Amino acid sequence: MKTGIAVLLSFPLLISCSESADVAGTTRITKWQYGKKGAISLTFDDGSINQFRVALPILNRLDFKGTFFIVTGDIPGSTFPGRFSGRPVADILKESVIMPTNDKNFFERASALAFLDIEEAESYHSQAGSLYEEGKVTEAHNVVDEGLAKARSRNVSVSPTPATDTADVITWPEIQAFASQGHEFGNHTVTHPRLAVLDETNLLYELEKGKEEILRHLGSYHTFSAECPYGTEDARVMEYALKVHPALRNRMPESFLDELNRWSEAIPGNSTKEYVQWQRGPLAETSMELMKSWVNGVSMDDNIWLVLVFHGVDGVGWEAKPHQELEEYFTYIKEHENRLWVATFGDVTRYMRERMNARVNSRMEGNRIVIDFTHTLDPELYSLPLTLKTYVNPSWTEVSISQNNDTRKMEPQLDENGMYVMYQAVPNQGQIEISDLD
């Protein structure tokens, strides 16, 4: 399936038939859906149970749609379990007696390490990955050697895949029900490994089988977005992952997008890009005052997309936030919804890309406005309605807006440039016609 990424960087944003916004027929695509001032996405990592039992009902009460990045191998009924693919582990262990870990064997050994039948296996793998991404390669090699030595001393090999305790995990039928409510589910890999230290075979297994699992249970819409674990921005991982998923919360190669990750101290308002993805990760001790200041900051400029990253809820999961704080915070966001568009990670990405690749040709034909509205992206991935703003004749008091047999009536509104109508339209779905009903 095409990702559409290759064409995202070359086409300028439309502008209408007239340079003057007060001329009837001038049409533009609003920067955000519904003409809002900024955008917010509420995202959750790892799929811990209270995200669904506690946080998701709060979202539903407020009519918000969240994005949940799930670890597919943890879900009962998944087809693809966590596994190591490669040479027999016994051979790797035997070889490690006489050959220390080095650049040539590091990825293979780090891949196998997470599945060794020792209690500390996952910890060794994670430590090695963290050190490697910090540029401490020698230290990462040493951690792998220590883990392999411990496995040799205990005469162990690959650990069997543990049975999943269905009492404290979400199930696919439940996820399917939540998806039908409009929530987005994205790939967070099969086992949540440090992808930067996996060899090619195991790296692709984690990405591709996680995607395939989601496709099988939820359909292609939910294979759009992914988050590679630990927020990695490793260049090698990004190259592989962007071939599997069109949208990564980690990194996206858009010339029009500035990305400030959770650890960035940069001020989003200083960016000169068309859009800024500003990630913030509320931790257990993050104050409500600071969290609310992020929401307030979205409206300071018109190009900011605040991506909030949550993990644990009510004591379950990493850096868990109590539900009382989530209730207060999400309610605060709701109170600002008149100027902020709250949408899934995937839909905000779709909107930006469609807008940046759109063409609008707007012209007067007699007593009507005719608009050609297209974009250059794969329609299977990009068919989200965009918001158009068209200026009309000042004498028009009620208009008809039609596209592809869908007709609606609307009264024009007034701004500093003249009378206009603001409406939803889908690119590549035929001409739009606006006509006076008086």
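Relevant structure appears above.
My aim in this report is to walk through the structure given alongside it, one point at a time. Since the structure is predicted, the reported quantities are computational estimates derived from the model, not experimental observations. (Residues numbered from 1 in each chain as written. Predicted model: local features only at pLDDT ≥ 70, side-chain atom pairs only at ≥ 80, totals over all residues. Heavy atoms only, no water.)

1. As for the overall build of the chain
Argument step 1. Counting its secondary structure elements, the chain contains 11 helices and 18 strands.
Argument step 2. Scaling as 2.2 N^0.38, a compact globule of 438 residues should have a C-alpha radius of gyration of about 22 Å, and the chain matches this with 25 Å.
Argument step 3. On the principal axes, the C-alpha backbone points of the chain span a range of 85 × 45 × 40 Å.
Argument step 4. Buried positions account for 54% of the 438 residues belonging to the chain.
Argument step 5. A fraction of 73% describes how many contacts in the chain between residues 6 or more apart in sequence connect residues 24 or more apart.
Argument step 6. Here the chain displays about 18,800 Å² of accessible surface, and carbon together with sulfur accounts for 50% of that area. (Helix = DSSP H or I, 4+ residues; strand = E, 2+ residues; numbered from the N terminus. Rg over C-alpha atoms; globule rule 2.2 N^0.38 Å. Buried < 20%, exposed > 50% of the residue type's maximum accessible area, 1.4 Å probe, protein only. Contact = heavy atoms within 4.5 Å. Areas by Shrake-Rupley, 256 points an atom, 1.4 Å probe, with all protein chains shown as cover.)

2. With respect to helix α9 (residues 288–298)
Argument step 1. For α9, the full list of buried residues reads Met-288, Met-291, Trp-294, Val-295, Gly-297 and Val-298.
Argument step 2. Looking at the buried side of α9, the elements it contacts are β2 (38–46), β8 (275–280), β9 (304–310), α10 (323–335) and β10 (340–342).

3. A short note on the pattern of salt bridges
Argument step 1. Going through the model one piece at a time under the given rule, you end up with 31 salt bridges.
Argument step 2. In this structure, Asp-45 engages Arg-249 in a salt bridge whose closest nitrogen and oxygen atoms are separated by 2.7 Å. In this pair, Asp-45 is assigned in strand β2 and Arg-249 in the loop between β6 (247–248) and β7 (257–260), connecting sequence segments 204 residues apart.
Argument step 3. Among the residues examined, Asp-45 registers a relative accessible area of 2% and is labelled buried.
Argument step 4. Notably, a salt bridge pairs Glu-95 with Arg-109, separated by 3.6 Å at the nearest N-O pair. Remark: Arg-109 occurs in helix α3 (residues 106–113) and Glu-95 occurs in helix α2 (residues 89–98); sequence separation between them is 14 residues.
Argument step 5. Residue classification places Glu-95 among the partly exposed residues on the basis of a relative accessible area of 23%. (Salt bridge = Lys/Arg side-chain N within 4 Å of Asp/Glu carboxyl O.)

4. Digging into the packing of helix α6 (residues 172–180) against helix α7 (residues 200–218)
Argument step 1. Where α6 meets α7, the closest approach of the two axes is 10 Å, and the angle between their N-to-C directions is 70 degrees. On the basis of the axis angle, α6 is roughly perpendicular to α7. Across from Trp-172, Ile-175, Gln-176 and Ala-179 in α6, the residues of α7 making contact are Glu-213, Ile-214, His-217 and Leu-218.
Argument step 2. In terms of residue class, the contact of α6 with α7 is made up of five nonpolar, two polar and one charged. (Axes fitted to C-alpha atoms, helices over the stretch in contact; angles between N-to-C directions. Parallel < 35°, antiparallel > 145°, perpendicular 65-115°, else oblique. Nonpolar A, V, L, I, M, F, W, Y, C, P; charged D, E, K, R; others polar.)

5. Quick notes on the nonpolar core
The nonpolar side chains of a soluble globular protein tend to be buried, and buried together.
Argument step 1. Core analysis: the largest hydrophobic core is formed by 43 residues, its most contacted members being Ile-40, Leu-42, Tyr-329, Phe-330 and Ile-333.
Argument step 2. Broken down by element, this core gets its largest block of residues, seven residues, from helix α1 (residues 49–61).
Argument step 3. Beyond its immediate stretch of four places on either side in the chain, Ile-333 contacts Ile-40, Leu-42, Phe-64, Val-295, Leu-308 and Val-342.
Argument step 4. Core analysis: the second largest hydrophobic core is formed by 38 residues, Met-352, Ala-358, Val-399 and Ala-425 among them. (Core = buried A, V, L, I, M, F, W, Y, C linked by side-chain atoms within 4.5 Å.)

6. Observations concerning a nonpolar patch on the surface
Argument step 1. Side chains of Val-97, Ile-98 and Met-99 sit close together on the surface and give an oily, nonpolar patch of about 320 Å² of accessible area.
Argument step 2. One can find Met-99 in the loop between α2 and α3. (Patch = residues over 30% accessible without salt bridge, like charges linked within 9 Å, V, L, I, M, F, W, Y side chains within 5 Å.)

7. Description of the sheet that holds strand β14 (residues 399–403)
Argument step 1. Strand order in this open sheet of five strands is β11-β12-β18-β14-β15, and the pairing throughout is antiparallel. The sheet is open, and its two borders are formed by β11 (358–365) and β15 (406–410), each paired with just one other strand. This sheet shows a mean twist of 15 degrees between the axes of neighbouring strands, independent of strand direction.
Argument step 2. Alignment of β11 against strand β12 (residues 368–375), held across eight bridges, turns out to be antiparallel. (Pairing = 2+ DSSP bridges.)

8. Details of the sheet that holds strand β1 (residues 27–29)
Argument step 1. An order of β1-β13-β17-β16 is seen for the four strands of this open sheet, with the pairing classed as antiparallel. Strand pairing shows two members of the sheet lacking a second neighbour, β1 and β16 (413–415), which therefore form its edges. Along the sheet, successive strands turn relative to each other by an average axial angle of 35 degrees, direction set aside.
Argument step 2. Both β16 and strand β17 (residues 418–425) contribute to a ladder of three bridges, which runs antiparallel. When the bridges of β17 are listed, Leu-414 appears paired with Met-419.

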